[in-house]
Amino acid sequence: MPSGTLKPSVGHLTDLAEKRGDIMREKVLEDRLNRKLKRRFGNRVRARVKGRIIQVYGTLSCWEDIIAACQMCVVKEHGMHVVNDIRLKGRRMPGMRVPALKDDSLEGRKPDVLIIGGGISGCSIARELTRWKLDILLVDKEADLAVQASGRNDGEVHPGVDLGRGTLKQHYVVKGNRMFDKLCRDLDVPFQRCGQYAGFTDWYALPLVWMYAQQRRLVCGVDDTRIVLGKELHRREPGLNPDFKFALYNSKAGCVCPYGLTIAYGENAVMNGAQISLNTAVLGMTVERGKIVRVKTNRGNIYPRLVINAAGVFAEDVARMARDCFYSIHPRKGTNSILDKKSGSLVKSISSIKVLQKNTAHTKGGGILHTVHDNLLVGPNAVETYEKENFATAKADVDAVFQKQKLTAPELSQRDIITYFTGVRPATFEEDFVIEYGRKTENLIHCAGIQSPGLTTAPAVARTVAKMTVARLRKEKEVPVNSGFNPRRKGIVSVKNLPEKERDALIRSNPDYGVIVCRCEEISKGEILDALRSPVPVPTIDGIKKRVRPGMGRCQGGFCMPLVTKIISEYEDIPLEDVRKAGEESVISFGETKVLSGTQEHEQEVGK
C-alpha cells in the first residue's frame, strides 16, 4: 500500500459489496425483462433498471401495446415502479387543459405547504394539516373542487374484501372504512352503510368462497365478511338474480356522495385557516440543489417550503416538473349511469355478480349501487386511454355495463337512465398507491396513483401524509398544534328532509326557503343562496348543482336551470350572460332570449 493512503474500513468494504450486489441484481432483472419484451415486441421496446425504477422506452404504434409492455415489466417488490417512456407512434399526447384566467393574485406567496390537486386526496390532506399551525395553500386548475376523478366515481365506501394483503390499498382501505361514521358526522355529509353483496350462481363455488371469506376475516382484517345463502339473500334483496345460490356479504360497505365529501373536506379546511385557489394551474417548477424553490402558475409564482403532489392523472407530470419522476400514471376510463329514483327500490345495497375466473381487467367489475340520494348507479367499466381529460361517454360502454349488470338484477332497464358520466382513474402500473417522500427532491411528498378505493382510503391516507409533512417541516421550523382546530362543519340545510314543524318555522323566518326552484329534487331558493355564501363558494350552475342538487333530478335542469342562473346573476350582481355552467369557457347564453326573459314569469309561477 502506498505511503499516506488509508486502509479501507470494514464498513466501506461492506457498502461496496452491497452496491456491487445491487448492480448485479439490477442487471439480471434488466436482462430478464428485455428477453420478455423482445419475444413480444422485437427490438422496438427495451427496459432499463436503475435503483428502484424500471424505465421502459422505445416506440409502439398502439396504446394497448404500450400498456401491455409496461405491465410485463412490473415487479411485485415494494418500492419498485415502472416509468413509461414509450413513444406512441403517429400520435401527439394531448396537453393539460389550462384555465384562460391570468393574474398575479398568488405572486410571491410563501406557504409552508402547497398542495397540488383539489380532489379527495388534496382536500382531505389540507383539512388534516390544519390540525397544526401552518400556512396551507391548495391549488387546482379547475373551477371547482372534485371536478375530475373525485367527482366522477360511484361513491362506494369499500370494505376491502377484494384487495390482497400487503398492498397500500389494502392497508388503508380497512382503516379508512372504519373512520367514515365519525368523519361524516363531523362534516355533516350523508353516509349509509348499505352493505355489499357479490352473488354467485353455482353451488360448486361455495367451499372456495367460504375459505376466501375466512382468509379475509382472519388474515386481512376484513372482519365483516360473511356468506349469505340464497333464501336469506332473496329475502333481503328480492330484486337480485333468482339464480344466485349464495353471496359474499360485507355489512360495512357503504355509500357517500363523492363530490359532496370532497367539498365538505375543502370547506372545513378553509374554516380552519387553509386557502383554496381554484382556476390555478401549475405550469412549471424551479428545482435547485434538490429542492423546489419556485412553482410557476397562471396566477403568479409561489415559493413553498414543501409541496404535496396530489394531482391525480397529472401526478406524473408534476413529478417530472419536480425532477422526481419514479412512477407513471396510465389513465383508465370508467362509465357510470344514474337511474331515476323510481327504480331505487330494485336494489337497496351495493350488488354485483361474480364468477370464478382470473380478473385481467384491473377493475372491481362494476355493480349496482343504491346512492345516498336514493338513485341507482350502474357501473363502472374499465377502458385504458392516453387521454387524461376525455370524459366523453360512449353508448357502447353504457350498453356493455347494462348487459353485465342485468345478470345482477334482471329488471334493470336503460329506460330509467336520467344521466351518465365518465371518469378517468389515475392508475399506476403496479395498481397500488404511491405515498412517499420525493426520492431526488427533498421538499416533496407524493400522494399518487389514488384510484379506487381512494375515496374510502382518503381519511387514513390524509393522516399519514399530514404526519409525513409535519415531520419534514419540523427539520426547519417549529410546527405547533392548532388548539383552535374545529373538525365540525355544518352543511347546508335540506328543506325537504326537515320535519314539517321545523320546515314551517324555517320558511316563516326566511321565505326564500319556501320558494321551490328545482321541482324534481325540491330545492329552495334559500338553499341556493346558502351555497353561494358557503366557505368555498362557486357561483356557477355546476357549482350550485354539486352543493345542493338543483338539476340532479329527472329533468336534469330543464326547468330549474334558468332560475338558478337568474339567482346567481342577482347575487353576484353580474349580467345574466356572464353566469357560467362550469369553467370560464362554458358559456350558457350570449344575450337575452325569449326563454331567459321569461324566467321572471316562471319564477312567479313556481313561487305560487
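In the block above lies the structure referred to throughout.
Here the residue numbers are simple positions, counted from 1 along each chain's written sequence. Totals for whole chains, interfaces and linings use all residues, but because this is a predicted model, local features are given only for residues with pLDDT of at least 70 and pairs of side-chain atoms are given and counted only at 80 or more. As a rule here, side-chain values come from all non-hydrogen atoms in the structure, and water together with hydrogens is ignored.

Novice: Can you walk me through the overall build of the protein in this structure?
Specialist: For the protein, the helix and strand inventory stands at 17 helices and 26 strands. Based on C-alpha atoms, the radius of gyration is set beside the globule rule, defined as 2.2 Å times the residue count to the power 0.38. A compact globule built from 608 residues should have a C-alpha radius of gyration of about 25 Å, and the protein, at 26 Å, falls within 12% of that. Overall size of the protein, expressed as C-alpha extent along the three principal axes, is 100 × 65 × 55 Å. Relative to its full complement of 608 residues, the protein shows a buried share of 54%. Sequence separation of at least 24 residues holds for 73% of the intrachain contacts in the protein that already meet a minimum separation of 6. In this tally, Lys and Arg are treated as positive and Asp and Glu as negative; His is ignored, and so are the chain termini. Where a charge lies is defined by one atom per residue type: Lys uses NZ, Arg uses CZ, Asp uses CG and Glu uses CD. Distance between charge centroids for the protein: 6 Å, based on 95 positive and 72 negative side chains. Secondary structure elements follow DSSP: runs of H or I no shorter than four residues count as helices, runs of E no shorter than two count as strands, and numbering proceeds from the N terminus. Residue burial is assigned from relative accessible area. The probe radius is 1.4 Å, only protein chains are included, and a residue is buried under 20% of its type maximum, exposed over 50%, and partly exposed in between. Throughout, a residue-residue contact means that at least one pair of heavy atoms, one from each residue, lies within 4.5 Å.

Novice: For this particular structure, what's the right way to read the packing of helix H3 (residues 120-129) against helix H8 (residues 258-271)?
Specialist: Each pair of packed helices gets described by two things: the angle between the helix axes and the distance between those axes. Axis lines are fitted to C-alpha atoms, over the contacting stretch for helices. Their N-to-C directions set the angle, which ranges from 0 to 180 degrees. Following both chains from N to C, one finds H3 and H8 inclined at 30°, their axes separated by 8 Å at the closest point. With respect to H8, the element H3 is oriented roughly parallel. For the crossing formed where H3 meets H8, the hand is left-handed. In this structure, H3 contributes Ile120, Cys123, Ser124, Ala126 and Arg127 to the contact, and H8 contributes Leu261, Thr262, Tyr265, Gly266, Asn268 and Ala269. Each residue gets one of three labels, nonpolar for Ala, Val, Leu, Ile, Met, Phe, Trp, Tyr, Cys and Pro, charged for Asp, Glu, Lys and Arg, and polar for the others, Gly among them. Looking at the contact of H3 with H8 residue by residue, the class counts come to six nonpolar, four polar and one charged. Angular relationships are summarised with four words: roughly parallel below 35 degrees, roughly antiparallel beyond 145, roughly perpendicular across 65 to 115, and oblique for the angles in between. In a left-handed crossing the near helix is turned counterclockwise from the far helix by less than a right angle, and in a right-handed crossing that turn is clockwise.

Novice: Help me understand the packing of aromatic side chains, please; the structure alone is not making it clear to me.
Specialist: Aromatic ring pairs are defined here through the distance separating the ring centres and the angle between the ring planes. Paired rings are identified among Phe, Tyr and Trp, the last through its six-membered ring, by centres lying within 6.5 Å, and are further divided according to the angle between planes into stacked (under 30 degrees), edge-to-face (over 60) and tilted (the rest). For the coordinates displayed, the defined rule picks out six aromatic pairs. Both rings, one in Trp63 and one in Tyr386, keep their centres 5.8 Å apart while their planes meet at 65°; by these two values the pair is edge-to-face. One end of the pair, Trp63, is in helix H2 (residues 63-72); the other, Tyr386, is in the loop between strand E21 (383-384) and helix H10 (395-405), and 323 residues separate them in sequence. By the burial criterion, Trp63 is buried, and Tyr386 matches it.

Novice: Would you take a moment to explain the sheet that holds strand E12 (residues 275-277) for this structure?
Specialist: Hydrogen bonding along the main chain pairs the strands of a sheet, whether they run parallel or antiparallel. With respect to topology, six strands assemble into an open sheet ordered E12-E5-E4-E16-E24-E23, the strand pairing being mixed. In this open sheet, the two edge strands, each paired with only one partner strand, are E12 and strand E23 (434-437). The mean angle between the axes of side-by-side strands here comes to 15°, regardless of whether they run parallel or antiparallel. Strand direction decides the pairing type here: strand E5 (residues 136-139) and E12, joined by three bridges, are parallel. The partner of Leu137 across the bridge, within E12, is Gln275. Whether two strands pair comes down to DSSP finding at least two bridges between them.

Novice: What am I meant to see in unusual backbone geometry here?
Specialist: Phi is mostly negative for residues that are not glycine, and the peptide bonds are mostly trans. Each neighbour pair has its own omega, and for Gly379 with Pro380 the value is 0°, a cis peptide bond. By secondary structure assignment, the location of Pro380 is in the loop between strand E20 (376-379) and E21. Residues Ser452 and Pro453 are joined by a peptide bond in cis, for which omega reads 10°. Residue position: Pro453 is located in the loop between strand E24 (444-448) and helix H11 (454-473).

Novice: I keep staring at the sheet that holds strand E2 (residues 53-60) and nothing clicks. Help me out?
Specialist: Read from one edge of the open sheet, three strands run E1-E2-E3, paired in mixed fashion. Each having just a single partner strand, strand E1 (45-50) and strand E3 (81-88) make up the two edges of the open sheet. Neighbour-to-neighbour, the strand axes of the sheet open up by a mean angle of 15°, direction not taken into account. Here E1 pairs with E2 via six bridges, running antiparallel.

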